Amino acid sequence: MTAYVGRFAPTPSGYLHFGSLIAALASYLDARAKQGIWRVRMEDLDPPREVPGAQDAILQTLERYGFEWDGPIERQSERHEIYAATVARLMQSGLAYACTCSRKQLEGLGGLYPGICRNAQHLPQKAAIRIRVPELVYSFTDRVQGTFQQHLGREVGDFIICRRDGFYAYQLAVVLDDAWQGVTDIVRGADLLDSTPRQLYLQELLGLSQPRYLHVPLIIQPDGHKLGKSYRSPPLAANEASSLLLRGLRALKQHPPQELTGATPAEILRWGIAHWQPQAIPQCLTLPEADLC
Ligand code: GLU
Ligand code: ZN
């Protein structure tokens, strides 16, 4: 029996960058420090945005950086039947409904869906599927970020679980897959902090248990932009594995010793597991500070 199951869930719409390295590193060290399982799941839900070759490149980078995962790589592209069955069930129970609003109709609403199609009786061919949210606050205690709460009705609105083009939404897939894989601990980037209340709501609706959460610091560029796929964050170079792992450890405030300079990725990860101190992780990092790491 394993009490801890963690995972890293990259999206192949780009290559791994320093921000994703920190998420992978924290998730890996947290799992291994607790003798836990660590899985890798490919979140390939969005073929139009997938970069050809990114899946292989991501796995190769993880290998070069010394990460060892348990079990096979699961792919969300192979789980459409499960997602479809769940969407159908939510539709039947009236919790989800078809939305035919055009992008234009929803412009200027700050992403908050005003409920236009909530009571429509039609079941059109081409429609997005939205889930009804309650007028309630969902909150949880993150291991690094502390208490985080959101009023789903006022701050999020009914959200999409299946897109008009037929592809399933991340919010739905992530909840189903984490439960299916028995994930007990989610360690990921803080950009997903404000997705978490939606995921808690879906877990509740679907009768799934709630994992623990740890959102690692988001890396903010000097201009205030987060370091992500859409900005010029370079892909992780294979020949810099050791130095970037050390930088990652420093960004997580783990204080690796000087002697690790020149060590192999495996040695650095071994040190990280033995000295893992999740309570030292900072809530956010700005790039100049991250650069000094
Ligand atoms: N696939 C998501 C991403 O790459 C991460 C999902 C998660 O960790 O819950 O941003
Ligand atoms: Zn609508």
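Predicted model only: the values in this text are computed from it and were never measured. (Residues numbered from 1 in each chain as written. Chains lettered and ligands numbered in written order. Predicted model: local features only at pLDDT ≥ 70, side-chain atom pairs only at ≥ 80, totals over all residues. Heavy atoms only, no water.)

Asker: Can you lay out the site of ligand 1 for me, pointing to particular residues and giving the numbers?
Answerer: Around ligand 1, the structure places 10 residues, and the nearest of them are Arg 7, Ala 9, Thr 11, Glu 43 and Arg 188. Arg 7 places a polar side-chain atom, nitrogen or oxygen, 2.7 Å from an oxygen atom of ligand 1. A distance of 2.7 Å separates a nitrogen atom of ligand 1 from a polar backbone atom of Ala 9. Within the complex, 86% of the 300 Å² of free accessible area of ligand 1 lies under protein. Of the residues that constitute the shell around ligand 1, the class distribution is 5 nonpolar, 1 polar and 4 charged. (Near = heavy atom within 4 Å. Polar contact = N/O pair within 3.5 Å; in protein donor to acceptor, adjacent residues only side chain to side chain. Areas by Shrake-Rupley, 256 points an atom, 1.4 Å probe, with all protein chains shown as cover. Nonpolar A, V, L, I, M, F, W, Y, C, P; charged D, E, K, R; others polar.)

Asker: Run through the coordination of the zinc ion (ligand 2), naming residues and quoting values.
Answerer: Within the protein, the zinc ion (ligand 2) binds to Cys 99 (SG), Cys 101 (SG), Tyr 113 (OH) and Cys 117 (SG); these donor distances fall in the range 2.0 to 2.3 Å. Bound by 4 donor atoms, the zinc ion (ligand 2) shows angles of 102 to 122° at the metal and therefore tetrahedral coordination geometry. Binding-site remark: the zinc ion (ligand 2) is held by donors from one chain whose sequence spacing is C-x1-C-x11-Y-x3-C. Looking at Tyr 113, the relative accessible area reads 6%, which means it is buried. (Donors = N, O, S within 2.8 Å, 3.2 Å for Na, K, Ca; no water. Tetrahedral: all angles 85-135°; square planar, octahedral: opposite > 155°, others 65-115°. Buried < 20%, exposed > 50% of the residue type's maximum accessible area, 1.4 Å probe, protein only.)

Asker: Before we move on, could you go through the nonpolar core and cite the residues and values that matter?
Answerer: Within the largest apolar cluster, 43 residues are counted, with the highest numbers of intra-cluster contacts made by Leu 62 and Phe 67. The set of elements that each furnish at least two residues to this core consists of helix 1 (18–33), strand 2 (37–42), helix 2 (54–64), strand 10 (212–216), helix 7 (241–251) and helix 8 (265–274). With 10 residues, helix 1 is the largest single contributor of residues to this core. If you look at the next biggest cluster of nonpolar residues, it comprises 33 residues, including Val 5, Val 174, Ile 186 and Tyr 201. (Core = buried A, V, L, I, M, F, W, Y, C linked by side-chain atoms within 4.5 Å. Helix = DSSP H or I, 4+ residues; strand = E, 2+ residues; numbered from the N terminus.)

Asker: Quick rundown of the UniProt feature "domain: Glutamyl/glutaminyl-tRNA synthetase class Ib catalytic" (unreviewed entry) in the protein? Include the residues and the values.
Answerer: Those places that UniProt annotates as "domain: Glutamyl/glutaminyl-tRNA synthetase class Ib catalytic" (unreviewed entry) correspond, in this numbering, to residues 7–108 and 120–229. Spanning residues 7–108, this segment combines 39% helix with 14% strand, and its end C-alpha atoms are found 36 Å apart. (UniProt positions renumbered as here; feature names shortened; annotations may be inferred.)

Asker: Describe the pattern of salt bridges, and please don't skip the residues or the numbers.
Answerer: All told, the structure shown has 13 salt bridges when counted by the stated rule. Linking Asp 165 and Arg 163 is a salt bridge whose minimum nitrogen-to-oxygen distance equals 2.7 Å. In this structure, the salt-bridge partner of Arg 212 is Asp 185, at a minimum N-O distance of 2.7 Å. Within this pair, whereas Arg 212 is found in strand 10, its partner Asp 185 is found in strand 9 (residues 185–189), the two being separated by 27 residues in sequence. (Salt bridge = Lys/Arg side-chain N within 4 Å of Asp/Glu carboxyl O.)

Asker: Kindly report on the sheet that holds strand 1 (residues 5–8), identifying the contributing residues and their values.
Answerer: The pairing of strands in a sheet comes from backbone hydrogen bonds and takes either a parallel or an antiparallel form. If you walk across this open sheet you meet the 3 strands as 1-2-3, and the pairing is parallel. The two strands at the open ends of the sheet, each matched to only one other strand, are strand 1 and strand 3 (74–75). Relative to strand 2, strand 1 runs parallel, the two being bridged by 4 bridges. Directly across from Arg 7, in strand 2, lies its bridge partner Arg 39. Where helix 1 meets the sheet, its contacts fall on strand 1 and strand 2, and the angle it forms with strand 2 comes to roughly 150°. Here helix 5 (residues 170–180) sits on the sheet in contact with strand 1, strand 2 and strand 3, set at roughly 145° to strand 2. (Pairing = 2+ DSSP bridges. Contact = heavy atoms within 4.5 Å. Axes fitted to C-alpha atoms, helices over the stretch in contact; angles between N-to-C directions.)

Asker: Before we move on, could you go through helix 7 and cite the residues and values that matter?
Answerer: Within helix 7, 8 of the 11 residues are buried, leaving the element largely enclosed by the surrounding structure. All buried positions along helix 7 are accounted for by Ala 241, Ser 242, Leu 244, Leu 245, Leu 246, Gly 248, Leu 249 and Ala 251. Contact partners of the buried residues in helix 7: helix 1, helix 2, helix 8 and strand 12 (284–286). A positive backbone phi angle near 60° is found at Lys 253, which sits one or two residues after helix 7.

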